[in-house]
Amino acid sequence: MPARTLQELVSAAAALYGDRPAVVYGGSAAGALLYRELSALAAELARVLLESYCPSNGVIGLYCSDDLLIPVWILGILQCSAAYVPLDPEAPGLLSARVMSQCGLKYCAVKTDLVKQFQAAFISYLTVEVCMELPKFKLTMMQVKPLPVVEREAGTQQAGAHPAGGAVHDDASVSVKDAGPEDLAYVLHTSGTTGPPKTVRVPHKCILPNILHLRSLFEMSPDDVVFLASPLTFDPSVVDIFLALSSGARLLIVPVVIKQMPSRLAQLLFRDHQTTVLQATPSLLVRFGHRVLKRDILSPGSSLRVLALGGEACPSLALLSSWRHEDNKTCIYNIYGITEVSCWACCYKIPETLLQSSDTVVSSVPLGTPLMDTVVEVRDELGRDIQEGEGQVFIGGEDRVCLLDDEDAVVPGTMRASGDWVVVKDGQLYYQGRRDRMIKRNGKRVNLDSLQQLMLSLPQVEACAVGVHGGFRLLAFVVASAAPEQMAGSALSPVQQQAQENVSASAEHQQNPASSVKHHPEDQEDPGATDGDLKRLILSQLSLLLPSHGLPDTLVLVPALCLTSHGKVDLEALMRAYEGQRRRLQSSPRDAGKLKQTLQALWKDTLGLPGDAAVDEQSHFLFSGGDSLKALRLCEDMVAAFGGSSPQLLEAILDGTFSDVLRQVTLTTSLENGHSSPPKAKKRHADPPNPVQPKRGRKSPGTPRSGTRGVKVVRRAGEVIEMNTGRRDSTKSLQGARLGGQGSSGDVDLELGLSWTSDTGRCVDASPVLLVRDAAEQSSPAARATVFIGSHSHRVQALDLGTGSLLWERVLGDRIEASAAVSQCGSLVVVGCYDGCVYFLCAESGATRWVFETGDAVKSCPAVDPLTGLVMAGSHDGHVYALDPQARRCVWRRHCGGGAVFSSPHLDVSRRRLYTASLGGHLLCLNPEGGEVLWSYSRDHPFFSSPNCSNDGVVIGSVDGNICCLSDTGELLWQFLTEGPVFSSPCFIPEQQRLLCGSHDGRLYCLNCADGSSAWTFQTTGKVYSTPCVFDGSCVGRRGTLVGLASTDGTVWILDALNGQTLASHDVPGELFSSPVVWEKSLVIGCRNDYVYCLSLTVKKET
């Protein structure tokens, strides 16, 4: 007879595979259970529970941590006709007490080594009595009864939640409703961060189809090893456990602390235990990092047969492909479902052909087809079923029904609204996101509006606004209701008084002190400051009401909430104020001692340690009280404080000691030097976009003939490309052709002055690109020039070069460090983004014409082939992509030998060569037509510098301090050693047969192209990160070539290219990593104080 319950599935497997391992524990206390041992222990535990407790109420709580005996405990409860209710030991006691009240829990099985923690957590809310110790099972049975305060205060005043049936009952059996004891398998609970806390009672007949269908889809066998990746409070754990134990396979259980160490976890899963089935959230997988994913998890010889990704939006095909080795055979599934219809509703097996395809235009992964007995519908906003278009997902089925909260019964076939919106196309469902204020943090849901309302219930909070900054950090802007000394003794509810009186070390752990703004050293001069006390008080109260993932990362005290013209809270304005505060807190250039001191302060704040506590060099973050969420917060705080970031930083926090983290920070800051200066500039003016199209003027004799359109593209290094866009063969480079002779005139003195600025919202590391259209196309006799530039605020701006007016602005998917390019036709702006996409935007309006997704962040400037129109872009996934914007397809892609492609590819149009470099120290020469490697050159140090070429060879700077020149065949001709790393990219002075390149030693070097000998050097007052710009001096009355140069201390220089003489300089109030671009008398540059600057170059007036 087919199994009707979860325990019957396991019993059937145990009868067949009694002598095979059923459960393996992979911690320091490693152990294993055979199927016959598991079956015997579960049966014995069930007898004890039936004889001693007779759980007529049908539910028994399970309060435990990871252990070999978890399946024994669950099966023992199920076999005595009860449902198990998992309780999280890390959750606030008040929250778990509410859950017990809602479920009507009378007895709880507590892991014996957690008994004291259990009693301490609930002493204020429950009466707790030890009934019996079961040493064989490492369990202690506890009888629990809720106190009236839980019902009166916590249950209603704080979160608006009501126990099932509307009251707390001593006789808990009445709260199980009509789902009899034999029907229920388990009872889950939501955390209260998605609204009022609620229970989800799951019958066996609801979850059983999931297990059976997935067991068939995954082709489970006794040889499989299934990793228990999810906590028991998350319903995918049910699938993990019973998928394994119903198939005769092994269930692998790992301690929580190991789960938070990506490298150790990967070794344990795939080297020590040969895991074959992994069900995980994409976030868990991403934490392993690219290197571990490709080497251990999705490698050619990986043991992993099945990877099922669920609980979050599935990564794109391009990203999935970048994680796996091309010879990997793992089957990857996208699974989707909601807790209210536990557990999964849809499943989609991603075809191998899509994972292997180089054409990643189709980047979204469908949700797939419904699983057994499951009905999935999509309804529009009017509630109508739709077969095409956009709508909300509803899930149900005849038996796929759970009871929520105080529901007595549910009509079979009830459909539950998911809150998730999809697009239905060609019969497939593509996830779009949520329309409400629901977000996911650490794989768990948080409702921002519910959090906001909860904070407003606190007496210390007059007004509050909650939002997410940068896609990660949860901010709460708070207006205090009264002076802190008054609030400390004001009318607090009993629960709030309890919160204030019990700010213990463990509560400090949960409140996440690193979240508050006091985490920077500048804020720690007075640890007893009033603001700090108020923040700690608010967080301590919230920590009793919410789990850690629902707590704000940062409390920002403000005198008032900014409002829009409509009287609504202006969250964007509050976010900008917060960003400004963070910039002011960033350190100025620091020595090793100050860097260590700052890191110690951040470390202690994140872990809730006292300010005077010592941090041992060998301290491990996770063993010191940290967890993965706190590690992410610490990582972001470090990036904010030190300015640099790298993928290895989070890995060092999770896997290394304090000393390892310090070394990584030192390395990162030395490579990226990401310091910020306090913003001092004021935005002059930004006109609104002008929708009026300029009138076409009458043609002059110099106007290109009908059907052609003349444009110039001006890029960094002084590169100017002229295109008559009606004819491909008319394209030519003006670099050098437009420069003057070698003569220099000292008759004219120059000066730089501020013309205009534009505020982008966050720091600008990208370099500008200019698009100059023929004067004949404009209503005025002057040519129209447009500046395109992106910033860390995710924005791309189009600015009028003459006035600084904002023509249009677009917000992309993440921050922008890449400089933009212009397509061959002159109508598209091409820009890479941290979200891994290359965006093709309309140059006139900013509208999106095409988006191509790579496997990682795009930080380099694309190269555009003026002959074929192909756009060549490098990505941090280690590839260069050749994209055809007309056909909207990827023509070819090439892996660059290892390491991310940070530097910008350079195209030699005449020789038909594409040069590209990687952080792995590889320089490649490619055929731009098909991407074939013509030759390659390698060093032991990364290339951040972008290659450039002339008739004398290919030149590039190296982190080892050398400026290197290679021949057409890739042989090293010469190298010149500077006194610092070279991040600057070289540019050429053609008429002088010389090149220019900067160094972190603060100098600009002018070298002879033939042999690399020095012609002259110029010492700046900072470091030279950016690329110099060569331009013709005739526009300001000087013969010969001039050089525009920027140093990181905020100084812009104009030099004579012949001898390096300073002709003019100007200081801007911020650091300069952007490269200057000059057109006629205007110099444009981005600054790390959020602004784009346009400086005017004029003849100095005599006084």
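Positions within a chain are numbered from 1, following the residues in the order the chain's sequence is written. At least 70 in pLDDT is required for a residue's local features to be given in this predicted model, at least 80 for side-chain atom pairs to be given and counted, and no such filter applies to totals for whole chains, interfaces and linings, which use all residues. Water and hydrogen atoms were dropped before computing side-chain values, which therefore reflect all heavy atoms in the structure.

A. Highlighting the overall build of the protein chain. Strands are runs of DSSP state E lasting at least 2 residues, helices are runs of H or I lasting at least 4, and numbering of each runs from the N terminus. Helix and strand content of the protein chain: 23 helices and 61 strands. Only protein chains enter the accessibility calculation, which uses a 1.4 Å probe. A residue is then buried if its area is under 20% of the maximum for its type, exposed if over 50%, and partly exposed in between. By residue count, 60% of the 1103 residues in the protein chain fall in the buried class. Within the protein chain, contacts between residues separated by at least 24 positions form 61% of all contacts whose residues are at least 6 apart in sequence. Whether two residues touch is decided by their heavy atoms; if any such pair falls within 4.5 Å, the residues are in contact.

B. Looking closely at the pairing of strand β18 (residues 389-396). Of all eight residues making up β18, six are buried, and the element is well covered by its neighbours. Pairing between strand β17 (residues 375-379) and β18: five bridges, direction antiparallel. For arginine 379, the partnering residue across the bridge sits in β18 and is glutamine 392. Here, a strand pair is defined by DSSP locating no fewer than two bridges between the strands. In this structure, β18 lies alongside strand β20 (residues 416-425), joined through six bridges in antiparallel fashion. Bridge pairing links glycine 389 to valine 424 in β20.

C. Representation of the pattern of salt bridges. In the sections that follow, a salt bridge refers to a side-chain nitrogen of Lys or Arg positioned within 4 Å of a carboxyl oxygen of Asp or Glu. Under the defined criterion, the tally for this structure stands at 29 salt bridges. Between glutamate 617 and lysine 596 there is a salt bridge, with the nearest N and O atoms lying 2.5 Å from each other. With glutamate 617 in the loop between α20 (592-607) and α21 (628-642) and lysine 596 in helix α20, the pair connects residues that are 21 residues apart, well separated along the chain. By relative accessible area, lysine 596 is classed as partly exposed at 28%. Here aspartate 1056 and arginine 1038 are joined by a salt bridge, their closest N and O atoms 3.5 Å apart. Here aspartate 1056, found in strand β57 (residues 1051-1056), pairs with arginine 1038, found in the loop between β55 (1029-1032) and β56 (1041-1047); they are 18 residues apart in sequence, far enough to count as distant.

D. Representation of the sheet that holds β57. What the four strands build is an open sheet, ordered β55-β56-β57-β58; its pairing is antiparallel. The sheet terminates laterally at β55 and β58 (1062-1067), the two strands that pair on one side only. Here the strands of the sheet are splayed against their neighbours by 20 degrees on average, with no regard to which way each runs. The pairing of β56 with β57 spans six bridges and is antiparallel. If you follow serine 1047 over to β57, its bridge partner there is threonine 1051. The axes are straight lines fitted to the C-alpha atoms, using for helices just the contacting stretch, and the angles between their N-to-C directions are given from 0 to 180°.

E. Representation of the packing of helix α2 (residues 35-52) against helix α3 (residues 70-79) within the structure. Contact geometry of α2 with α3 gives a least axis separation of 7 Å together with a crossing angle of 50 degrees. When the interaxial angle is binned, α2 and α3 end up oblique. Read as a crossing pair, α2 and α3 show a hand that is right-handed. Residues Leu38, Leu41, Ala42, Ala43, Leu45, Ala46 and Leu49 of α2 lie in contact with α3, whose contacting residues are Pro71, Val72, Trp73, Leu75, Gly76, Ile77 and Gln79. All residues other than Ala, Val, Leu, Ile, Met, Phe, Trp, Tyr, Cys, Pro, Asp, Glu, Lys and Arg, Gly among them, are scored as polar; the first ten of these are nonpolar and the last four charged. Per-class residue counts for the contact of α2 with α3 are twelve nonpolar, two polar and no charged. Angle categories: roughly parallel below 35 degrees, roughly antiparallel above 145, roughly perpendicular from 65 to 115, and oblique for all the rest. Here a crossing is taken to be left-handed if its near helix is turned anticlockwise relative to the far helix by less than a right angle, and right-handed if that turn runs clockwise.

F. View of the packing of aromatic side chains. Ring pairs shown here join Phe, Tyr and Trp side chains whose ring centres sit within 6.5 Å, with only the six-membered ring taken for Trp; geometry is labelled stacked below 30 degrees between planes, edge-to-face above 60, and tilted in between. On inspection of all chains with the given rule, the structure shows 19 aromatic pairs. Centre to centre, the rings of tyrosine 63 and phenylalanine 122 are 6.1 Å apart; their planes meet at 70 degrees, and the pair counts as edge-to-face. Here phenylalanine 122 lies in helix α5 (residues 115-122) and tyrosine 63 lies in strand β3 (residues 59-63), a separation of 59 residues in the sequence. Look at tyrosine 63 and you get buried, because its relative accessible area is 1%. Residue phenylalanine 122 is classed as buried on the basis of its relative accessible area, which comes to 1%.

G. Geometry of the sheet that holds strand β45 (residues 922-926). The strand order β43-β44-β45-β46 describes an open sheet built from four strands, whose pairing is antiparallel. Of all the strands in the sheet, the pair left with one neighbour each is β43 (906-908) and β46 (933-938). Sheet twist, expressed as the average angle between the axes of neighbouring strands with direction ignored, equals 20 degrees. As paired elements, strand β44 (residues 913-917) and β45 share four bridges and run antiparallel to each other. The residue bridging threonine 916 from the neighbouring strand is leucine 924, located in β45.

H. View of the nonpolar core. One finds Leu6, Trp73, Ile74, Phe242 and Leu245 to be the most contacted residues of the largest nonpolar core, which totals 75 residues. Sorting elements by how many residues they give to this core places α2 first, with eight residues. Each residue touching tryptophan 73, except ones within four places of it in the same chain, is listed here: Leu45, Leu62, Cys64, Ser65, Asp67, Lys111, Phe137, Lys138 and Leu139. Only buried Ala, Val, Leu, Ile, Met, Phe, Trp, Tyr and Cys residues count toward a nonpolar core, and they belong to the same one when joined by side-chain atoms within 4.5 Å.

I. Geometry of α3. With respect to burial, α3 is a largely interior element, nine of its ten residues being buried. Two residues or fewer past α3, serine 81 is found with a positive phi of approximately 60 degrees.

J. Region of the structure containing the packing of helix α1 (residues 6-16) against helix α7 (residues 204-217). It is at 9 Å that the axes of α1 and α7 come closest, and there the two elements cross at 40 degrees. The orientation of α1 relative to α7 falls into the category oblique. Together, Leu6, Gln7 and Leu9 of α1 and His204, Ile207, Leu208, Ile211, Leu212 and Arg215 of α7 make up the contact between the two elements. Considered class by class, the residues forming the contact of α1 with α7 number six nonpolar, two polar and one charged.

K. Up close: unusual backbone geometry. Here the residue pair serine 342 and cysteine 343 is connected by a cis peptide bond, since its omega of 5 degrees sits within 30 degrees of zero. As for its position among the elements, cysteine 343 is in the loop between β14 (331-336) and β15 (346-349). Non-glycine residue serine 81 carries a positive phi angle of around 60 degrees. The residue serine 81 is located in the loop between α3 and β4 (83-87) in this model. Backbone geometry places arginine 888, a non-glycine residue, at a positive phi of 55 degrees.

L. Main features of the state of the cysteines. When two cysteine sulfur atoms lie within 2.5 Å, the pair is treated as a disulfide. In this structure the tally under the stated criterion is zero disulfides. Cysteine 206 carries a free sulfur, and the closest cysteine sulfur to it, the one in cysteine 402, is 3.6 Å from it. Of the cysteine sulfurs around cysteine 1009, a residue in no disulfide, the closest is that of cysteine 965, at 7.4 Å.

M. Local environment of the confidence of the model for the protein chain. For every residue, the predictor assigns a confidence score, pLDDT, that lies between 0 and 100. Confidence in the prediction for the protein chain averages 81 pLDDT; 79% of positions are at 70 or higher. Across residues 149-181, confidence stays below pLDDT 50; counting only partners more than four residues off in sequence or on other chains, it has 78 contacts.

N. Layout of the environment of proline 351. Inspection of the secondary structure puts proline 351 in the loop between β15 and α13 (352-356). Proline 351 gets classed as partly exposed once you look at its relative accessible area, which sits at 29%. Along the backbone, proline 351 and tyrosine 333 are 18 residues apart, and their C-alpha atoms lie at a distance of 9.2 Å.

O. Seen up close, the side chain of serine 246. For serine 246, the location among the structural elements is in the loop between α8 (236-245) and β11 (250-253). For serine 246, a relative accessible area of 8% translates into the label buried. Polar contacts involving the side chain of serine 246 include one to the main-chain carbonyl oxygen of phenylalanine 242, which spans 2.6 Å. Apart from residues lying up to four places away in sequence, serine 246 is in contact with Leu9, Ala13, Ile211 and Arg215. Polar contact criterion, stated in full: a pair of N or O atoms within 3.5 Å, where within protein one must be able to donate a hydrogen and the other to accept it, and residues adjacent in sequence count only if both atoms are side-chain atoms.

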